[in-house]
Amino acid sequence: MGQIELKQVSKSFGTVEVIRPLDLSIEEGEFVVFVGPSGCGKSTLLRLIAGLEDVTSGAVLIDGEDATGTAPAKRGLAMVFQSYALYPHMSVRKNIAFPLRMAKLDKNEQDRRVEEAARVLNLGDYLDRRPGQLSGGQRQRVAIGRAIVREPAAFLFDEPLSNLDAALRVGMRLEISELHKRLRTTMIYVTHDQVEAMTMADKIVVLQAGVIEQVGSPLELYQRPRNLFVAGFIGSPRMNLIEGPEAAKYDAHTIGIRPEHIEISESQGSWKGTVGLSEHLGADTFFHVQCAVSPTPITVRAPGEMILKYGAEVHLTPRTQYLHRFDSEGLRKNEPS
Amino acid sequence: MATKASRSAARLMISPAVILLLGWMLIPLGMTLYFSFLRYNLIIPGNHPFVGWENYHWFVTDPSFNAAMINTLLLVGGVLLITVLGGIGFALLLDQPMWGQGVIRIMVIAPFFVMPTVSALVWKNMFMNPVNGFFGHIAHGLGLPPIDFFSQIPLLSIVLIVSWQWLPFATLILFTALQSLDQEQLEAAEMDGARFGSRFAFIVLPHLARAITVVILIQTIFLLSIFAEILVTTNGGPGTATTNLTYLIYVSSLLQYDVGMGSAGGVIAIILANIVAIFLMRMIGKNLDA
Amino acid sequence: MARAVSTSRKTFNTAIAGLLGFVMFFPVLWIVILSFKSEFDAIRSPLAILTSGWTLESYGAVQARSDYFKHFTNSVVISVGSTFLGLLIAVPAAWSMAFVPAKRTRGVLMWMLSTKMLPPVGVLVPIYLIFRDLGILDTNLGLVIVLMLMNLPIIIWMLYTYFREIPGEILEAARMDGASLRDEVLYVLTPMAVPGIASTVLLNIILAWNEAFWTLNLTAARAAPLTAFIASYSSPEGLFYAKLSAASVMAIAPILIMGWFSQKQLVRGLTFGAVK
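Parameters and conventions
- Residues numbered from 1 in each chain as written.
- Chains lettered and ligands numbered in written order.
- Predicted model: local features only at pLDDT ≥ 70, side-chain atom pairs only at ≥ 80, totals over all residues.
- Heavy atoms only, no water.
- Helix = DSSP H or I, 4+ residues; strand = E, 2+ residues; numbered from the N terminus.
- Contact = heavy atoms within 4.5 Å.
- Phe/Tyr/Trp six-rings, centres within 6.5 Å; stacked < 30°, edge-to-face > 60°.
- Buried < 20%, exposed > 50% of the residue type's maximum accessible area, 1.4 Å probe, protein only.
- Lys NZ or Arg CZ within 6 Å of the ring centre and 35° of its normal.
- Patch = residues over 30% accessible without salt bridge, like charges linked within 9 Å, V, L, I, M, F, W, Y side chains within 5 Å.
- Areas by Shrake-Rupley, 256 points an atom, 1.4 Å probe, with all protein chains shown as cover.
- Salt bridge = Lys/Arg side-chain N within 4 Å of Asp/Glu carboxyl O.
- Lys, Arg positive; Asp, Glu negative; His and termini not counted.
- Charge placed at Lys NZ, Arg CZ, Asp CG, Glu CD.
- Core = buried A, V, L, I, M, F, W, Y, C linked by side-chain atoms within 4.5 Å.
- 1 Å grid on protein atoms, 1.4 Å probe; cavity = no way out; pocket = protein on both sides within 12 Å on 5 of 7 lines; lining within 4 Å.
- Points joined across faces, edges and corners; volume = space filled by probe spheres on them.
- Nonpolar A, V, L, I, M, F, W, Y, C, P; charged D, E, K, R; others polar.

Explain the environment of A242 of chain C here, please?
All names here are of chain C. Note on placement: A242 falls in helix 14 (residues 241–261). Separated by 202 residues in sequence, A242 and F40 have C-alpha atoms that sit 8.5 Å apart. Contacts of A242, omitting those with residues within four sequence positions, involve L34, S35, K37, S38, E39, A42 and S58.

Below you can see the structure in the form of structure tokens.
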């Protein structure tokens, strides 16, 4: 249970086409992340799968059955919302039990499942509180609890961590991944944060302006971005993109090189430049180096202990085996073999 | 943002309200319109011949019609003026730091709960009666001639009574709006060197614009149909001094049993109310969208 | 960050506001005082009234003249009945407009409000005749229907503004949790909107309780609520101040007490949800 397939699905609001016709298949037990900048249609796509919006054309198949016209309540999917969407007038216990109550489950069975979910999510002490009395992270867990008691075919997460502060976000990220490992249920997760996408996903779907730019595992996307958009979107700090004569040397319109694939030296190298801002993160230091080959500074990742003065003269050398080449359309050019 | 299913559910769920209100509007309206062209008096038996514009002609040329129009206008305008200005004053005052604000607010709201028939009777007898009324006694105590409110200043007396009833409403709305004003805005203005007068004119008043609109809108709806206050105090008199349009139509249709004439008056009242309504709707449409 | 306010300034504010508040409240206070005086004392000068003795005789006289409890019951039936009937129709309508807004929603809402602008007197004759023919003239049923229709636009408007503050995601969550439309409205929306619904109910009960056009024109003896009961005192009993005061107190006390106890909800309701 939990295989989802989109066939030529599109969505328009009035005359605006938010999702262009697209195909996508999500395998049983997979953790799939939809990632893209805001307004790319990733949340809309999730809501189409949930049934909270009608598709304009195409079909949504769940476990091989056409669910295009099925009401959200009947699709057997559970959703965790960005705002958590907890019922403020119900206790945590009642919140978690709500889907079971709607399914008219036996009262004892309801209690058993709620207790089980509370144990898994460490919510045991809070069952009789109202959502308003909980912290952000606890609310998040209640929302997840409400989703897991239903034992759904798949979980849908709509930017669930964006309302949490940075430290909690990392913790919840691990918890959700852990949950996936344990339940082995299909999860579809929407985020605009590529770090979340990289760390959690089995499969990433990069979306932009209602179009799927690339589908693949995190490492595939990192190592072989299919086009300039994915190259720039995946990876932090961003990949350096250089156009013009330097790119032509490699028979490309644009070349891309990640900050971690550039050597920096005070004495020699291929590109001469001056150090601009330095960001010391402890383990790593990022230097923004102004070079003649590119109008924008080139970001370089160096060991944490390296210190260079503002304005110092340095030399950069890209490790050419990690160079990405793109044609004038922005598409990846395959390595000359 | 919704699915076809929820949209059709929405249509289904809104339809009882729409059908009821549509019926409430169209059926009596149609009948009023129809009656207005008939010679139809409840105490004159027989059929009701079609008389064209006759009812309208008689209604509009009746001197009391002009008086009623002017009185309606003065009544609505007078009460609006008193309640809006008074309400702003009260709201600003209540917004100041003080003790026992809750108790004071309760006292200020009280008149709103008093039914119109009661407030009219109480004011008429216990306060405005020139012999035994409260004001009469005060005037007597001060050695002044008492005012006979309902013969000397009948319309103004009714304006005062109605204003007393509606001032709490205006105060409450404006006070609530005032409390939502961002204090930082005022502090910023103070830092920019704005004095109390300019802070009021450039920050407080614009902030209250929406609330003032609401006050005017809602009060106008109710004030156009002031009825009970006139019925129990003056019966529209002396002469037609306190007859407003509503009361005039009441007199024609229910006291003189002239359904045709009353209906013609009703149609006119509806047309006038619609003119006011269009104007007000424009105003709130703009002010309430935010 | 409140700034320190001098005590003298605060005292001054309290005095001015208290004085004006007292002036507003005085007529109500005055009739309460008069209602406990004898007919003889009630028409004397204010000072003499305050120093005279107290009595309950007026209340007895009012009850003897006409059955207060009958009118009171009528008022309760009419105001509560019309409000809850209105609520039953308004909740689904407001749900539709707040959570499934369409292009026409704003127009529909404005149209509904505009029916409120229809002057009652314009349709008095037809309603009177229809009610006469249906035999519901001077009945509570008739008044419940009329007052419900009168206040329906206001109920819908208020609920709409309250519903709009409820995040749509919560209703969507209910839908995902398997709730039907009925479950969603019954178990999620309505409990969440309780404060707003309470304000709406209170305000509309007050409006209906005090409504004095239809209640005066469509009732005679049987269904007369307190508005009509008190109107019967306009003459010549108006000259009997103590009895008039007692009757007035009996007519307004229920709503006044209810209003004071539920002040918080009411203040919100009084603004018709249009001002925050």
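How should the packing of aromatic side chains be read in this particular structure?
Applying the stated rule across the entire model yields 41 aromatic pairs over all chains. Ring centres of F35 of chain B and Y40 of chain B lie 5.3 Å apart, and the angle between their planes is 80°; this geometry places the pair in the edge-to-face category. Aromatic side chains F112 of chain B and W166 of chain B sit 6.0 Å apart centroid to centroid with 80° between the ring planes, which places their arrangement in the edge-to-face category. Note that F112 of chain B is positioned in the loop between helix 4 (101–109) and helix 5 (116–127) and W166 of chain B in helix 8 (residues 154–179), a separation of 54 residues in sequence. Like F112 of chain B, the residue W166 of chain B is buried in the burial classification. One aromatic cluster is present, built from ring pairs that chain together W123, F127, F134, F135, F149 and W164 of chain B together with F22, F26 and W30 of chain C. For R101 of chain A, the ring lying beneath its charged end belongs to Y187 of chain C, and the centroid distance is 4.4 Å.

How should I be thinking about a positive patch on the surface in this particular structure?
A surface patch of positive charge is lined by K4, R7 and R11 of chain B together with K103 and R104 of chain C. Considering the arrangement of structural elements, one finds K4 of chain B in helix 1 (residues 4–35). A residue is classified by how much of its surface remains accessible, and K4 of chain B, at 59% relative accessible area, is exposed.

It is not clear to me how the nonpolar core should be interpreted in this structure. Could you clarify?
Within soluble globular proteins, side chains that are nonpolar tend to cluster in buried spots. In terms of nonpolar packing, the biggest core is built from 229 residues, with F34 of chain A together with W95, F163 and W214 of chain C touching the most fellow members. If we ignore the near neighbours within four places in the chain, the residues touching F163 of chain C are V91, A94, W95, A98, F99, L189 and A193 of chain C. One finds V33, L100, A118 and F233 of chain A within the second-largest nonpolar core, a separate group that totals 43 residues.

What should I look at first to understand empty space enclosed by the protein in this one?
Rolling a probe over the atoms, with the probe sized like a water molecule, indicates the empty space that remains. Per the counting criterion, the structure on display carries eight cavities of 30 Å³ or more. Forming the boundary of the largest cavity are 25 residues, of which P116, W166 and F222 of chain B together with N210 and E211 of chain C lie nearest the centre. Secondary-structure elements contributing two or more residues to the lining of the largest cavity are helix 8, helix 10 (196–223) and helix 11 (228–233) of chain B together with helix 8 (140–163) and helix 11 (194–210) of chain C. In terms of residue class, the lining of the largest cavity is made up of 18 nonpolar, four polar and three charged.

How should I be thinking about unusual backbone geometry in this particular structure?
Trans peptide bonds make up the majority, and among non-glycine residues the majority have a negative phi. All names here are of chain A. Looking along the chain, the bond that leaves S236 and enters P237 is cis, with omega of -5°. With respect to the helices and strands, P237 occurs in the loop between helix 8 (228–233) and strand 11 (240–243). The backbone phi angle of D251 is positive, close to 60°, even though this residue is not glycine. With respect to the helices and strands, the residue D251 is situated in the loop between helix 9 (245–248) and strand 12 (254–257). Its relative accessible area of 52% is what places D251 among the exposed residues.

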